[in-house]
Each structure stands twice: as structure tokens, then as C-alpha cells.
Amino acid sequence: MRNNIPRVVIAGTQSGSGKTTLVTGLLAALKERGLRVQSYKVGPDYIDPGFHRLASGRPAHNLDTWLVGEKRLPALFAESFGDADIAVIEGVMGLYDGGRQGVSSTAEIAKLLDAPVLLAIDCKSMGASAAAIALGFRAFDPDVNIAGVLLNRLGSATHEEMIRAAMDAIGMPVYGAVHRDDGLHLSERHLGLTPTTEAAATETVKKMGEAALAQVAVAKIVELAKSTGALKLQPPSPKSRRTALQRRCDRFCPSGWGGGPRSGGGCGEGTAVRNAENSRRRECQSTFFDENLAVSSHDLPSPPSQSRCARQLPRRGSLSECSLRIAVAQDAAFSFYYPTSLAVLERLGAELVPFSPLDDETLPDGIAGVLLGGGFPEMFAEKLAANTSMRASIRAAAAAGLPIYAECGGYMYLMTELVDFGGKAHAMCGVFLGRAVMTKRLQMVGYVTARMNEDTVLGAAGTELRGHEFHFSQEEAAETPPTTAKDSPAESGVAAETADADPPSRPFMFTKLRNGATYGAGQRYKNVLGSYLHIHFAGCPGAAERFVRACKVYREKR
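For clarity, every value in this text was computed on a predicted model and none was experimentally measured. The numbers attached to residues start from 1 for each chain and follow its sequence in the written order. Given that the model is predicted, a residue must reach a pLDDT of at least 70 before its local features are reported, and side-chain atom pairs must reach 80 or more before they are shown or counted; all residues, however, enter totals for whole chains, interfaces and linings. Hydrogens and water are ignored here; the side-chain numbers use all heavy atoms of the structure.

Draft legend 1. Fine view of the overall build of the protein chain. Counting secondary structure elements, the protein chain contains 15 helices and 25 strands. Out of the 558 residues belonging to the protein chain, those deemed buried represent 60%. Should any heavy atoms of two residues lie within 4.5 Å, those residues are considered in contact. A sequence separation of at least 24 residues applies to 78% of the contacts in the protein chain between residues at least 6 apart. Accessibility throughout is a Shrake-Rupley quantity obtained with a 1.4 Å probe, and a residue counts as covered only by protein chains that appear here. For the protein chain, the accessible surface area stands at approximately 22000 Å², while carbon and sulfur atoms represent 49% of it. Secondary structure elements follow DSSP: runs of H or I of four or more residues count as helices, runs of E of two or more count as strands, with numbering from the N terminus. Think of it in three bands: residues with accessible area under 20% of the maximum for their type are buried, residues over 50% are exposed, and the middle band is partly exposed, with areas taken using a 1.4 Å probe on protein chains only.

Below you can see the structure in the form of C-alpha cells.
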């Protein structure tokens, strides 16, 4: 794992300063120059990385110190960098904005990775004041290395000259001056940019790359990135050996988990090859996942002794009887996944099998679990409702005890109904009681701590996870509690030794990082768990192990 990684952060003064446009253009320009560029997005955003991927041709990764943790993040960054030549990191909101006390701000990430920052400034309707803004941002925290600026949305050559002169006066290098161009505009809606799964953005991304090549000092940025020192990494465990995390992400994201059309098998390789690779992964530990991150004994039931098939490679060309197939919803309605989060499940022995709740008739054959990520089910509610066979397949699987974990949009899909922005109700899976109702106001955005009130497929009662919420829908609860004692996971052999006789009505207790407010959240039915929570398995490996263990128990009981 390299620690001499050329890297640069592109930050903004605020949301809407043009970060994504500038970064996407820079990625396309670097690729055009023959460089292998690995991109990152600060924060929990799922949509911007889709544009990164279109430009760079590689899966983008998120950097978030709340979801993953400050100690773990540098190693995750270094390993996911893989064989790239340069890392380009897009910030979130303004440079110093993040969670409470700057948690997971762009400034925090830049300091943690010792990376220089280029500040993107929207120069529309201002002149020399742009230099005053840059000066203030540089003085606010001297530990943040603001190496220069990118001037955006300039109106004319005279406008550019005026601001360049002001920047020269304060000794602030200018690394790019991009003029206003409506052809570079990206469409938006209630959660931000329209995802690449729905927008035909290829041509726009091409134009962004051309604009960057013409108006951004690309070679100068590469030299700046190369000037960085060695990344400070914690020494790996003597017992650990490096694994190719980047290659795993490339393999199960060939056309973009979180974007792009689905490939036939989802991984672009034969099943036997994937199973063989899974078995090899089980024999090793990556530098990131060392014993310092191991799951403690109380997180999971004691696993049975290792079976013969856990140690042997399957025969090439045949499906291993030990294959642990986990279906992952991946289409235009459900696309919110972190590649390095899914890689954790692969490392634990899972074979990820994509399926489409929009287009497929049933769940894939031979699966032992399901992931229903977030996305935009509200934009496809009519088509989801019309796919009655898929809804029936999921409902039957849930009743049979199949482990299912659903986040946000996936949670909405499992409810009885989804009411769209126009007020029309659409039938959903009916696994959970109640319905999701879209509103015109943002209902929640921010980091939370999620404490489990009961044993679930992600952990025992009392387990705490860090996550993020961002949704415009609100849940209208049913009259009866969504959980009853007879539906305890103990029924399927997944839970710990005991289950509450009278469990709480909600499986989670959320606490907002911003103000400390607490509230019950989510629903559980048998081995199905869902809520508005988004988590990253790299930040909670115990939850990943718990879920994979639940899937293995289900498979063994079939």
C-alpha cells in the first residue's frame, strides 16, 4: 500500500460554487492526458461520485470521518487509491462546513491527509472581493494549506484580469479561470444533482473536460499534487497482508454501483472466478482491516467451526456449494452504495448479485440475503408498484426469514405504500407497516448515532452505529407497532442468546449529532431491518460481520 500519493483537494466557499463541475472537468482532462486518476468525495454524498466515474472511468470513493472514523480513513484512502497516478478530492459545502464542530469537513479531511487545497470561488457579480474571500479563508485556519484558487463563472476577459490582479496582490496563485457557460450546467432536483442513472450526462462531462483543458492549469495542478509529502499511516498488523481493495471495487462496479446500466452478471466475471477470489479473500486480511478493527465476541453469536468449503477453492466453471450470494438492488431507483462499503461484504465472503426491483420479476435464485440501498423510489413509484411479482417475491422472502437490510429509499420500498409528490399513493412491498409520504420540505439531513433497542441482523441490543440521514419523505406510522415478540430474530437463529419479552416499537434510537435530539426510528420484521439510516460498513465492520453471519445462518437452515 503506497503512502507517497499525489493528491489535491478542490474545495468551495459554499454549496453551489461549482465544485462538482470543476472536479468533473479536471478528472476528464487528466484522463485525456493519459493519467489514471482516482477521485474522492468528502462527506456521505452518493450522487456526485457518479459524475466522477463518468469522467475518470473509475469508481469514486467517499471520505467521511463520521461514517468511517478519523483513525481508519487514511488507510482506506491509501488502499482505495490502488494503481492510480493522482488523487483528486472534491470537498463538501464550504471548506470549513461539516457536522457539529467541523466533523468531516473538507478542512478536516485536507489536514488529515496533509493535502493542498484549491479554493473554488464563484466570481459572478464580484471583482476584487474574490481576493478578500480567499484571504479570509486562508487566515481562518493556518493549518489548512490553501495553495491557490480556481476562479469560476467569470463573465469576460476583463473580469478575469481584474480578479487575477487582486489575487496577485495577496500572493494567491490562480490555478484556473473558468468562464460562464450554460452548456456545463447539471440538472438538479430535491436531493441535489440528477443522478447519472437518469441524466444523459456523458456529453456534458465531455464539455467539462474540454473547458478544463482550455481554462485550467492542469499540468500545474499535477505538479502541486506531486509536491505532497508521504501520507502518515498507522503501521499494519504483523498478521495482516495487503489485499487489492481497488480491484475488488472495480470488479463489482464495472458499470457503477450507484450509476450506469447493469451488466448481465453484475461483476463481469464468471461465478466460479468470483467464488475463488472470495475464498482467497477469506484467507487474508487487508492493511485496513487488521485486528485493531476486529469484531469483539459480544457483537456476534459464536460462529460454528470452519467448514471444509470455507477453506477450499471451488472448481472453476461451477457454482460453489458454499457461495454466499447477497442480492443488491441496483437500478435507476436504487443506486446509493459506497463501493468500499460493499467491498467489506465481499471480503467477508459474500458474492454480490445485482438485481432490479424495477425490471426483474423476482429476487435472484440461491440468495442468502438482500441489500436495498437508497435512491429515488419516489421518482419510479408507479413502475415499482406495477412490478407485483417482485414485490410478492420480496414479501415472501421476508416472511421466510431471509436477512434483508434496507436504507432510506429501500426502507420506503418495504413499506405498505409510497405517496409521491403529487399525492398519489402507490402500493409497495408491504413488509413494514405504514407508508412513506413525500413532502416539499427537507425532513432531515445530518449525522446521527443509531443505538439498537433490540437484537437485529446488524448487531445486538445496545450496539451503536454512526450514520447519516437525508430525506424529503416522512413516515406515517401504522396503528400497531411494527415489531412483536414473536418476530424476534432468535426465531431464525440469528439473534444473541435472549430476546426481549416486550421489545420497543422501534429497533433504533437515533441521536442527532447537531443538537442531541433523540427519537425512535426504523422497523424490524423477523430478519428484515430498515430505517432512514445510511451507514458505511468500513466504519462499522462489526455490523457487516453480523449481517454476513445472519446470511450464513439462513443458508445453513435452508
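Additional details are given in the paragraphs that follow.
Draft legend 2. Structural view of helix 6 (residues 157-169). To estimate how far a helix should extend, the number of its residues minus one is multiplied by 1.5 Å. For helix 6, spanning 13 residues, the distance from its first C-alpha to its last is 19 Å, which sits close to the expected 18 Å at 1.5 Å a residue. For helix 6, the set of buried residues is His-159, Glu-160, Ile-163, Ala-166 and Met-167. Projected down its long axis, helix 6 shows its buried positions confined to an angular sector of 130°, all on one face. With respect to the buried face of helix 6, the exposed residues turned more than 90 degrees away are Thr-158, Glu-161, Asp-168 and Ala-169. On its buried face, helix 6 sits against strand 5 (117-122), helix 5 (129-140), strand 6 (146-154) and strand 7 (174-179). Here, the arc refers to the directions that run from the helix axis to the C-beta atoms.

Draft legend 3. View of the nonpolar core. The biggest cluster of nonpolar side chains holds 115 residues, and the ones touching the most others in it are Leu-414 and Leu-458. With residues up to four places along the chain from it excluded, the contact list for Leu-458 reads Tyr-405, Met-452, Leu-465, Leu-529, Ile-535, Phe-537, Gly-542, Ala-543, Arg-546 and Phe-547. Counting residues in hydrophobic clusters, the runner-up holds 40 residues, among them Ile-5, Leu-63, Phe-77 and Ala-110. Residues belong to one nonpolar core when they are buried, are Ala, Val, Leu, Ile, Met, Phe, Trp, Tyr or Cys, and are joined through side-chain atoms within 4.5 Å.

Draft legend 4. Seen up close, helix 5. With 12 residues, helix 5 extends 16 Å from end C-alpha to end C-alpha; this agrees with the ideal 16 Å at 1.5 Å per step. Burial in helix 5 covers these residues: Ala-130, Ala-131, Ala-134 and Phe-137. The arc that holds the buried residues of helix 5, viewed along the axis, is 125°, so those residues lie on one side. Residues of helix 5 that are exposed and angled more than 90 degrees away from the buried face: Ala-132, Ala-139 and Phe-140. On its buried side, helix 5 packs onto strand 1 (7-12), strand 5, strand 6 and helix 6.

Draft legend 5. Just the confidence of the model for the protein chain, in detail. Taken residue by residue, the protein chain gives an average pLDDT of 81. The fraction at 70 or more is 77%. The quantity called pLDDT is the predictor's confidence in a given residue, expressed from 0 to 100. Confidence drops under pLDDT 50 across residues 237-248; counting only partners more than four residues distant or on other chains, this segment forms 37 contacts. With pLDDT under 50 throughout, residues 250-321 is counted as low confidence; its partners more than four residues away or in other chains account for 149 contacts.

Draft legend 6. Fine view of the sheet that holds strand 13 (residues 367-372). Here a strand pair is declared whenever DSSP counts at least two bridges between the two strands. Strand order across the open sheet formed by 6 strands is 12-10-13-15-25-24, with mixed pairing between neighbours. Each end of this open sheet is capped by a strand with a single partner; those strands are strand 12 (350-355) and strand 24 (523-525). The mean angle between the axes of side-by-side strands here comes to 15°, regardless of whether they run parallel or antiparallel. Relative to strand 13, strand 10 (residues 324-329) is paired through 4 bridges, and the arrangement is parallel. If you follow Ala-327 over to strand 13, its bridge partner there is Val-370. The axes used here are C-alpha line fits, helices contributing only the stretch in contact, and every angle between their N-to-C directions lies in the interval 0 to 180 degrees. Lying over the sheet, helix 11 (residues 339-347) contacts strand 12 and strand 13, oriented at roughly 130° with respect to strand 12. Lying on the sheet, helix 15 (residues 541-557) is in contact with strand 10, strand 13 and strand 15 (404-407); it crosses strand 13 at an angle near 145°.

Draft legend 7. Structural context of the sheet that holds strand 20 (residues 464-471). The 4 strands are arranged 20-19-22-23 in an open sheet whose pairing can be described as antiparallel. Both outer strands of the open sheet, strand 20 and strand 23 (518-521), are each paired with one neighbouring strand and no more. Between one strand and the next, the sheet's axes are offset by a mean angle of 35°, whatever the strand orientation. With 5 bridges connecting them, strand 19 (residues 444-452) and strand 22 (residues 508-512) associate as antiparallel partners.

Draft legend 8. Representation of the packing of helix 1 (residues 19-32) against helix 7 (residues 202-215) within the structure. The interhelical angle for the contact between helix 1 and helix 7, taken along N-to-C directions, is 80°, at an axis separation of 7 Å. In terms of their interaxial angle, helix 1 and helix 7 are classed as roughly perpendicular. Residues Thr-21, Thr-24, Gly-25, Leu-26, Ala-28, Ala-29 and Glu-32 of helix 1 form the contact with helix 7, whose own contacting residues are Val-205, Met-208, Gly-209, Ala-212 and Leu-213. Under the grouping applied here, Gly and all other residues not named as nonpolar or charged are polar, the nonpolar ones being Ala, Val, Leu, Ile, Met, Phe, Trp, Tyr, Cys and Pro and the charged ones Asp, Glu, Lys and Arg. Of the residues belonging to the contact of helix 1 with helix 7, the class tally is 7 nonpolar, 4 polar and 1 charged. Geometric relationships in this document are graded by angle, where less than 35 degrees denotes roughly parallel, more than 145 denotes roughly antiparallel, 65 to 115 denotes roughly perpendicular, and other angles denote oblique.

Draft legend 9. Region of interest: the packing of aromatic side chains. Note on ring pairs: Phe, Tyr and Trp rings are taken, using the six-membered ring of Trp, and paired if centres are within 6.5 Å. Classes follow the plane angle, with under 30 degrees stacked, over 60 edge-to-face and the rest tilted. According to the stated counting rule, one finds 12 aromatic pairs in the structure shown. The interplanar angle of 50° and the centroid separation of 4.7 Å between the aromatic rings of Tyr-40 and Phe-77 together place this pair among those described as tilted. Here the residue Tyr-40 occupies a position in strand 2 (residues 37-42), and Phe-77 occupies one in helix 3 (residues 73-81), the gap between them amounting to 37 residues. A single burial state applies to Tyr-40 and to Phe-77, both of which are buried. Taking 4.4 Å as the distance between ring centres and 15° as the angle between the ring planes, the aromatic pair formed by Tyr-46 and Tyr-338 counts as stacked.

Draft legend 10. Just the environment of Ala-214, in detail. Here Ala-214 shows up in helix 7. Here the alpha-carbon distance between Ala-214 and Gly-176, two residues 38 residues apart in the chain, equals 9.3 Å.

Draft legend 11. Structural context of the environment of Val-528. Inspection of the secondary structure assignment puts Val-528 in strand 25 (residues 528-531). Classification of Val-528 by relative accessible area gives buried; the value is 0%. Between the C-alpha atom of Val-528 and that of Val-431, which follows or precedes it by 97 residues, the distance is 8.4 Å. Each residue touching Val-528, except ones within four places of it in the same chain, is listed here: Ala-398, Leu-402, Ile-404, Leu-414, Val-431, Phe-432 and Gln-523.

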